[in-house]
Amino acid sequence: MLFSNTMPHPLSLQQHCTATGHCGILVPVDFRPPLFRPMLLSEGLYFSSMVNLCSLPFLFLLFSSEISSTSAFTTSRQHLSRKTVGISTSLSESNNNPFQSLFGNVASKISNLQQEGMMTSVSQDQLFKLTSLTQMTLAAENMNLNTIRSSLESKQNADERRFRSSLEKGYGAASPLHKLRLFDESNDENDVRVTLYRDSASWCPYCQKVWITLELKRIPYRIEKINMRCYGDKPASFLRMQPSGNIPVAIIDGVTYNQSNDIMYALEETFPDNNPLVPTDPDARMRAQSLLRLERQIFSAWMYWLTSRDTPDGDRRMNFISTLIEVEDALTATKGGFFLGEQVSIVDAMFAPFLERMCASLLYFKGFQIRVANGETTNFPAINRWFDSMETLESYQLTKSDYYTHCWDLPPQLGGCVSEEGSGPFQDSINGVNGSWDLPLAPDNNGLEPDWSFAGDEAAAKREAVERVTSNFQAISSFAARGAGKSGRSYGAPLSDPNAVSNESIQPFVHAAIMVVCNKLLSESDAEIAACDKTMNNLVTEWKNEGGNEVIDKVAMSLAYLRDRVGVPRDMRLPAARQLRAHLNWAIATLQ
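Treat the numbers as computed from the prediction; the structure is a model and nothing was measured. (Residues numbered from 1 in each chain as written. Predicted model: local features only at pLDDT ≥ 70, side-chain atom pairs only at ≥ 80, totals over all residues. Heavy atoms only, no water.)

Trainee: Even after reading the chapter, I still don't get the layout of surface pockets, so can you show me in this structure?
Mentor: Estimated volume of the largest pocket: approximately 750 Å³. Lining the largest pocket are 34 residues, with Phe 163, Ala 173, Ala 174, Arg 468 and Arg 573 sitting closest to its centre. Counting residues per element, the ones that place at least two in the lining of the largest pocket are α6 (158-161), α7 (163-169), α15 (394-399) and α19 (458-470). Counting residues per element, the lining of the largest pocket draws most heavily on α19, at five residues. The residue makeup of the lining of the largest pocket, split by class, is 15 nonpolar, eight polar and 11 charged. (1 Å grid on protein atoms, 1.4 Å probe; cavity = no way out; pocket = protein on both sides within 12 Å on 5 of 7 lines; lining within 4 Å. Points joined across faces, edges and corners; volume = space filled by probe spheres on them. Helix = DSSP H or I, 4+ residues; strand = E, 2+ residues; numbered from the N terminus. Nonpolar A, V, L, I, M, F, W, Y, C, P; charged D, E, K, R; others polar.)

As structure tokens, this is what we get:
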């Protein structure tokens with residue numbers, strides 16, 4: 001459902017309908033509830049909650065607690081249902097696919113092996129011997145899951161050690177892994193009046209703004225995570241409630257709301273005393289209405305440029321920049337860090353998902369940078385200050401994604417994002433193919449994507465990565481071994497293969513490599529780091545001597561498969577994801 005006073009860009013709408021199989025319907029804004037009518041201008045154009053955005057394919061391995069639907073990062077079951085997808089094949093009008101470089105390194109020689117079978121040149125006797133040697137090598141260094149967990153616990157602070165138990169109770173710091181959110185012990189599960197149905201990938205922008213609203217207002221809620229349509233059928237119970245299958249959906253005091261803005265409006269009306277986000281002052285309301293119209297304008301300009309090749313005169317670029325300058329001016333005029341001043345409001349919740357995606361996608365596809373690292377010069381200082389203010393909010397920290405996640409998720413949903421000349425180096429840095437995912441990691445990805453200082457220091461990031469991996473280690477190893485397994489590809493996007501079969505014969509060696517990676521992540525002294533390097537080199541020597549290049553290549557395939565499917569925020573926050581990706585690259589380099 002498209003809420004706007006203007007028609008969407010025809011090409012964008014056509015691309016979206018082609019990509020998703022859904023069409024949007026324009027309805028008058030005046031059909032919405034009167035109190036919230038001015039706010040609904042941000043629902044709009046075609047990228048809305050009623051369009052099939054929330055059935056978007058998500059390319060990343062999900063480090064979560066519901067393995068039955070999406071995740072390898074769980075503690076409850078052993079079988080995986082892979083939920084991954086990559087970039088649409090109709091990425092660009094040119095012959096220069098910006099994602100070819102990502103597959104041109106490790107995956108280029110590996111992908112040929114994948115089609116040949118699980119293991120073609122190594123006998124069962126060799127595999128048995130290799131497995132025994134691998135176990136002995138790990139035992140010699142006392143590397144096992146128990147010692148990793150013990151080492152992790154000894155380094156964790158009190159909040160980190162309570163993380164899992166807090167999740168189960170609904171307390172603690174906000175996390176995408178919460179299925180019950182009570183905030184603190186002043187709330188009881190019986191107090192929950194809201195159930196939010198959101199995407200299991202933690203990426204949908206319309207789910208994000210509802211999620212932010214719930215967190216800002218500290219309304220206790222339950223979460224039901226719904227598979228995206230491209231990964232299989234949605235539960236019949238959900239389809240009875242929401243026949244279109246679209247998300248978000250919320251049940252508030254027994255009433256079902258199936259549009260993001262309707263949900264936000266209902267939360268404001270139902271919980272008026274919980275940190276009100278809609279201004280009551282007439283002047284502030286009028287300013288909010290004006291800003292929400294501007295939000296739709298910047299959204300339209302972004303879509304128009306992102307999904308099309310610019311004119312020779314650069315009209316689409318200039319149209320976007322001129323609208324972005326209006327956003328900059330609006331923030332410059334405020335006396336606080338947010339759109340309406342010193343207090344966050346519903347306007348910030350509406351802007352946040354799309355400004356975040358603009359920063360990622362326009363840098364990647366157009367080479368146009370909005371967000372800069374601290375201390376760097378920019379033409380948009382007020383927008384950068386606004387991001388700084390948003391990043392002080394736990395509600396935004398919880399839902400914030402990274403550039404890599406966004407830039408691989410947007411094109412399949414939009415029918416393609418068009419790259420322009422000069423964007424290649426930015427794509428390489430975001431994709432990690434130019435050394436940007438190698439140790440030692442450069443601050444702020446060499447100035448392209450600001451580090452998340454709110455997430456703690458480097459040691460905290462490493463602990464977070466290890467905690468997520470070790471929470472369901474066996475399943476993650478099995479998932480990674482799909483990279484050396486058999487493809488069951490049924491989707492056009494490069495990384496989408498939910499029917500892939502894991503290579504069980506290679507799993508013991510993938511298991512060992514990931515275990516060494518976890519140990520290296522926790523290593524602090526030179527001696528500990530040297531022990532990890534030695535162990536990995538010993539494993540490589542044994543595998544090569546007994547199994548030849550095939551074992552080496554297939555372990556590398558598996559680690560690369562895992563590396564490329566770490567998503568933010570669903571799996572972990574960006575600093576932890578950067579550390580895990582880089583340490584997996586260290587292991588791959590050692591193998592090669």
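Don't stop here, the text continues.
Trainee: Got a minute to help me understand the packing of aromatic side chains in this structure?
Mentor: Throughout the structure, instances matching the rule amount to 19 aromatic pairs. Taking 4.2 Å as the distance between ring centres and 20° as the angle between the ring planes, the aromatic pair formed by Phe 339 and Phe 351 counts as stacked. Taken as a pair, Phe 339 in the loop between α12 (315-333) and α13 (346-366) and Phe 351 in helix α13 lie far apart in primary sequence, 12 residues in all. On the accessibility criterion, Phe 339 (0% relative accessible area) is buried. For Phe 351, a relative accessible area of 1% gives the class buried. Here a set of aromatic residues connected by ring pairs shows up, and it is made of Tyr 206, Phe 299, Trp 302 and Phe 354. Taking the ring centre of Trp 203 as reference, the NZ or CZ of Arg 357 above it sits at 4.7 Å. Lying over the aromatic face of Trp 586, Lys 520 brings its terminal NZ or CZ to 4.6 Å of the ring centre. (Phe/Tyr/Trp six-rings, centres within 6.5 Å; stacked < 30°, edge-to-face > 60°. Buried < 20%, exposed > 50% of the residue type's maximum accessible area, 1.4 Å probe, protein only. Lys NZ or Arg CZ within 6 Å of the ring centre and 35° of its normal.)

Trainee: Would you mind going over the nonpolar core with me for this structure?
Mentor: Taken as a class, soluble globular proteins show a tendency for nonpolar side chains to be buried jointly. Grouped together as the largest cluster of nonpolar side chains are 87 residues, with contacts concentrated most on Trp 302, Phe 320, Ile 370 and Trp 386. It is α13 that provides the largest number of residues to this core, a total of 15 residues. Other than its neighbours up to four places away in sequence, Trp 386 contacts Leu 331, Gly 337, Phe 338, Phe 339, Asp 348, Phe 351, Ala 352 and Leu 355. The next biggest cluster of nonpolar side chains, apart from the first, holds 56 residues, and it includes Val 469, Ala 480, Phe 509 and Ala 560. (Core = buried A, V, L, I, M, F, W, Y, C linked by side-chain atoms within 4.5 Å. Contact = heavy atoms within 4.5 Å.)

Trainee: In this structure, what is going on with empty space enclosed by the protein? I would like to understand it.
Mentor: A probe as big as a water molecule, rolled over the atoms, marks out the empty space that is left. In the structure shown here, the tally under the stated rule is two cavities of 30 Å³ or more. Its volume calculated, the largest cavity comes out at about 90 Å³. Lining the largest cavity are 13 residues, with Trp 437, Asn 445, Glu 449, Leu 574 and Arg 578 sitting closest to its centre. Elements that contribute at least two residues to the lining of the largest cavity include exactly α16 (403-414), α18 (444-447) and α23 (574-591). A per-class count over the lining of the largest cavity returns six nonpolar, one polar and six charged. Estimated volume of the second largest cavity: approximately 70 Å³. Lining the second largest cavity we find Glu 356, Cys 359, Arg 371, Phe 387, Glu 391, Tyr 396, Lys 400, Tyr 403, Glu 449, Pro 450 and Trp 452.

Trainee: Would you mind showing me how to read helix α11 (residues 282-306) here?
Mentor: Each turn of an α-helix holds 3.6 residues, which means side chains three or four residues apart point in the same direction. Relative to the 36 Å expected for 25 residues at 1.5 Å per residue, α11 spans 36 Å between its end C-alpha atoms, a close match to the ideal helical length. Where α11 starts, the residue carrying a side-chain oxygen 3.1 Å from the main-chain nitrogen of Asp 283 turns out to be Asp 281. (Expected span 1.5 Å × (residues − 1). Polar contact = N/O pair within 3.5 Å; in protein donor to acceptor, adjacent residues only side chain to side chain.)

Trainee: Help me understand the pattern of salt bridges in this model?
Mentor: Between side chains of opposite charge, a pair can form when the charged atoms approach closely. In the structure shown here, the tally under the stated rule is 24 salt bridges. Salt-bridge contacts for Arg 463 lead to Glu 160; the nearest nitrogen and oxygen are separated by 2.8 Å. Highlighted residues: Arg 463 in helix α19 and Glu 160 in helix α6, separated in sequence by 303 residues. When its relative accessible area of 22% is taken as the criterion, Glu 160 is described as partly exposed. Close ionic contact of Glu 464 with Arg 468 constitutes a salt bridge, the shortest N to O distance being 3.9 Å. Taken together, the residues Glu 464 and Arg 468, both in helix α19 and four residues apart, mark about one turn of the helix. Take Glu 464: its relative accessible area is 8%, and that puts it in the buried class. Counted as one network, the salt bridges with shared partners bring together Arg 164, Glu 464, Glu 467, Arg 468 and Arg 573. (Salt bridge = Lys/Arg side-chain N within 4 Å of Asp/Glu carboxyl O.)

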